[in-house]
Amino acid sequence: MVLADVTLVVPTSVDEALAEFGDGKGVTVVAGGTVVMADLAAGRLRPKKALLLSRAGLDGITRKGGKVTIGAMTPVAALEDGDEPLATAARHLGDVEIRAQATVGGNICSEASAEAPRGDLQAALIVLGATVRSGGKGGERTEPLEDFLAKGAGRLVLDVSYDDAPRQTGYAAAWRPHAHHYTILAVAAARQNGDLRVAATGLGPHAVRLTSVEEGGDAAVEARDDALASAWYRQHLLPRLVGRALADLEEA
Amino acid sequence: MKLTVNGIGHEVESHGLQSLLYVLREELGITSPKAGCVQGGCGACTVLVDGEPRRSCLTPLAALNGAAITTLEGLGTPESLSVVQAAFHEQYGSQCGFCTPGMIVATTALLERTKKPTRHDIEQALAGHYCRCTGYVKIVASVEAAAGGAKK
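## What about the pairing of strand β7 (residues 141-144) of chain A?
All names here are of chain A.
Move 1: Bridge count between strand β6 (residues 131-135) and β7: four bridges; the pairing is antiparallel. When the bridges of β7 are listed, Thr131 appears paired with Pro144.
Move 2: Linking β6 to β7, which pair antiparallel, is a turn of five residues; within it Gly136 sits at a positive phi near 140 degrees.

## A closer look at the nonpolar core
Move 1: Counting residues in hydrophobic clusters, the biggest one holds 120 residues, and the most contacted among them are Ala186, Val187, Ala188 and Ala200 of chain A.
Move 2: Per-element accounting of this core gives the leading share, seven residues, to helix α3 (residues 100-113) of chain B.
Move 3: Looking at which domains feed residues into this core, each of domain 1 (2-74) and domain 2 (83-151) of chain B gives three or more.
Move 4: For Ala200 of chain A, the contacting residues outside a window of four places in its chain are Ala123, Leu185, Ala186, Val187, Ala207, Val208, Leu210, Val221 and Leu238 of chain A.

## Notes on the pairing of strand β10 (residues 186-192) of chain A
Residue and element names in this part refer to chain A.
Move 1: Of all seven residues in β10, five are buried; the element is thus mostly enclosed.
Move 2: Sheet topology places strand β9 (residues 168-173) next to β10; six bridges connect them, and they run antiparallel. Opposite Ala173, over in β10, you have Ala186 as the bridge partner.
Move 3: Between the end of β10 and the start of strand β11 (residues 195-201), which pair antiparallel, lie two residues, with Asn193 showing a positive phi angle near 50 degrees.

## Describing the domain arrangement of chain B
Residues and elements named next belong to chain B.
Move 1: Partitioning chain B into structural domains gives domain 1 (2-74) and domain 2 (83-151).
Move 2: On a C-alpha basis, the centres of domain 1 and domain 2 stand 21 Å from each other.
Move 3: Each side of the interface is counted separately: domain 1 has 15 residues, and domain 2 has twelve residues.
Move 4: For the side of domain 1 that touches domain 2, the secondary-structure elements that each account for two or more residues are β3 (46-49) and β4 (52-55).
Move 5: Looking at the side of domain 1 that touches domain 2, the element that brings in the most residues is β3, giving three residues.

## Description of the sheet that holds strand β5 (residues 67-71) of chain A
All names here are of chain A.
Move 1: With respect to topology, five strands assemble into an open sheet ordered β4-β5-β8-β6-β7, the strand pairing being antiparallel. On the outer flanks of this sheet lie β4 (61-64) and β7, each paired with one strand and no other. Neighbouring strand axes in the sheet, compared pairwise and without regard to direction, differ in orientation by 25 degrees on average.
Move 2: The pairing of β5 with strand β8 (residues 156-163) spans five bridges and is antiparallel. Across the sheet, Val68 pairs through a bridge with Tyr162, a residue of β8.

## Focus on the interface of chain B and chain A
Move 1: Opposite the 28 residues of chain B that make contact, chain A presents 25 residues.
Move 2: When contributions to the side of chain B that touches chain A are tallied by element, the ones reaching two or more residues are β4 and α4 (119-125) of chain B.
Move 3: With four residues, β4 of chain B is the single largest residue contributor to the side of chain B that touches chain A.
Move 4: Each residue belonging to the side of chain B that touches chain A can be placed in one class, and the counts come to eleven nonpolar, 14 polar and three charged.

## With respect to α3 of chain B
All names here are of chain B.
Move 1: Compared with an ideal rise of 1.5 Å per residue, which puts 14 residues at 20 Å, α3 spans 20 Å between its outermost C-alpha atoms and is within 8% of the ideal.
Move 2: Here α3 lies mainly inside the structure; twelve of its 14 residues are buried.
Move 3: Where α3 is concerned, the buried positions are Thr100, Pro101, Gly102, Met103, Ile104, Val105, Ala106, Thr107, Thr108, Ala109, Leu110 and Leu111.

## What to know about the sheet that holds strand β1 (residues 7-9) of chain A
Residue and element names in this part refer to chain A.
Move 1: In spatial order, the strands read β1-β3-β2; together these three strands make up an open sheet with parallel pairing. Edge positions in the sheet fall to β1 and β2 (27-30), since each of these pairs with one other strand and no more. Neighbour to neighbour, the strand axes of the sheet diverge by 25 degrees on average, direction disregarded.
Move 2: Looking at chain direction, β2 and strand β3 (residues 49-52) are connected through four bridges and run parallel. Its bridge partner being in β3, Val27 is matched across the sheet by Lys49.

## As for unusual backbone geometry
Leave glycine aside and you will find that most residues have negative phi; peptide bonds, for their part, are mostly trans.
All names here are of chain A.
Move 1: Each neighbour pair has its own omega, and for Glu84 with Pro85 the value is 0 degrees, a cis peptide bond.
Move 2: By secondary structure assignment, the location of Pro85 is in the loop between β5 and α3 (86-91).
Move 3: In this model, Asn193 sits at a positive phi of 50 degrees, which is unusual for a non-glycine residue.
Move 4: Mapped onto the elements of the fold, Asn193 is located in the loop between β10 and β11.

## Some points on the environment of Ile61 of chain A
Residues and elements named next belong to chain A.
Move 1: Within the element layout of this structure, Ile61 appears in strand β4.
Move 2: According to the C-beta neighbour criterion, Ile61 is partly exposed, with 15 such atoms within 10 Å.
Move 3: Measuring from C-alpha to C-alpha, the distance between Ile61 and Ser161 comes to 9.6 Å, with 100 residues separating the pair along the chain.
Move 4: Residues contacting Ile61, with those up to four places away along its chain left out, are Val68, Ile70, Thr74 and Ala78.

## Some points on the packing of helix α2 (residues 83-90) of chain B against α3 of chain B
Residues and elements named next belong to chain B.
Move 1: Contact geometry for α2 and α3: axes closest at 9 Å, N-to-C directions at 130 degrees. As the angle between them shows, α2 and α3 are arranged oblique. Regarding α2 and α3, the two cross each other, and that crossing is right-handed. For the pair α2 and α3, the contacting residues are Val84, Gln85 and Phe88 in the first and Thr100, Ile104, Thr107, Thr108 and Leu111 in the second.
Move 2: Looking at the contact of α2 with α3 residue by residue, the class counts come to four nonpolar, four polar and no charged.

What counts and how
- Residues numbered from 1 in each chain as written.
- Chains lettered and ligands numbered in written order.
- Predicted model: local features only at pLDDT ≥ 70, side-chain atom pairs only at ≥ 80, totals over all residues.
- Pairing = 2+ DSSP bridges.
- Helix = DSSP H or I, 4+ residues; strand = E, 2+ residues; numbered from the N terminus.
- Core = buried A, V, L, I, M, F, W, Y, C linked by C-beta atoms within 7 Å.
- Buried ≥ 20, exposed ≤ 12 C-beta atoms within 10 Å, placed from the backbone.
- Domains from an automatic or database assignment.
- Contact = placed C-beta atoms within 7 Å.
- Axes fitted to C-alpha atoms, helices over the stretch in contact; angles between N-to-C directions.
- Nonpolar A, V, L, I, M, F, W, Y, C, P; charged D, E, K, R; others polar.
- Expected span 1.5 Å × (residues − 1).
- Parallel < 35°, antiparallel > 145°, perpendicular 65-115°, else oblique.
- Left-handed = near helix turned anticlockwise from the far one by under 90°.

Spelled out as structure tokens, the structure:
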């Protein structure tokens, strides 16, 4: 790996991180490193400028004003005993070392690769009604996670927030034994004030809301092939995982 | 940048985005962390960063500001094995040996957190560690023996 030409910036504040990120063009953001470092080692990524966020002060979980806010650099391990269905999704991710290193912001920004889906937490955050606060071109912006994901990369995620409210939740995932597996397919569900939200991780480049399921219908979403599983398998698995996630929710 | 490994301070020159694994092996000549998959998937490169197990292949040097690194070399010596090393030796917990540094480092961290781990605790702690000799039964027995030994 030739790194001599890579400019590495390690900001020590959020403002410095935003200034260095600029409009994001040509900047590779390194959060926990579990995706970027593997891509660097394999030569899949050749950054010009890398922004390492480990000292930017973007980690931590706060609860105030009826909101839960999770900083982008919060490790996945910090979610394991927290709000459902995010906690179950977090416990399901990778292994103990990966969960300690991988971050919430990295998970939101990691699109699926040719080998596997990557955004294991995204469906759980979508059903929690999470909004993403990000910086970049045009300045700071806050939007629902599903809108953020649909627009693609190019933003510096600062934090995600959702209502600190009681809700029934459910989660079901295809379980694949052994290490460092990205989730093949997972369905998360949550009901808050009678409002049902259902989403799936693993069907495409990022998690999607299953609005047809929320309205009482079938899950009508195209799936994709990758090295972990075929589209055919995912299509067959999806309604079963939806059923299990909803049953899990009703039991809660 | 300064890097403390097994209690010894080093001044390292590698690029800040270089992996800790590379720095340990290629710059400092500390070779117990193995370059297995170098994708974070096999666990053979695992070291302790401030006492917590980490994939050194996924950890950029610049993220280690002031951290204390412990590798297998820092846990015991051939004359005086650590409790975990002795248990792996006695229980035949190592076959080809390639995964062993990661297994022992992860086990050491587990027993720091949990003095009497259940079988589930052990499986969780070692879930990210491949043994391609498939010697898992003896590895788990080694961890259980180390936990028993640690009680004495």
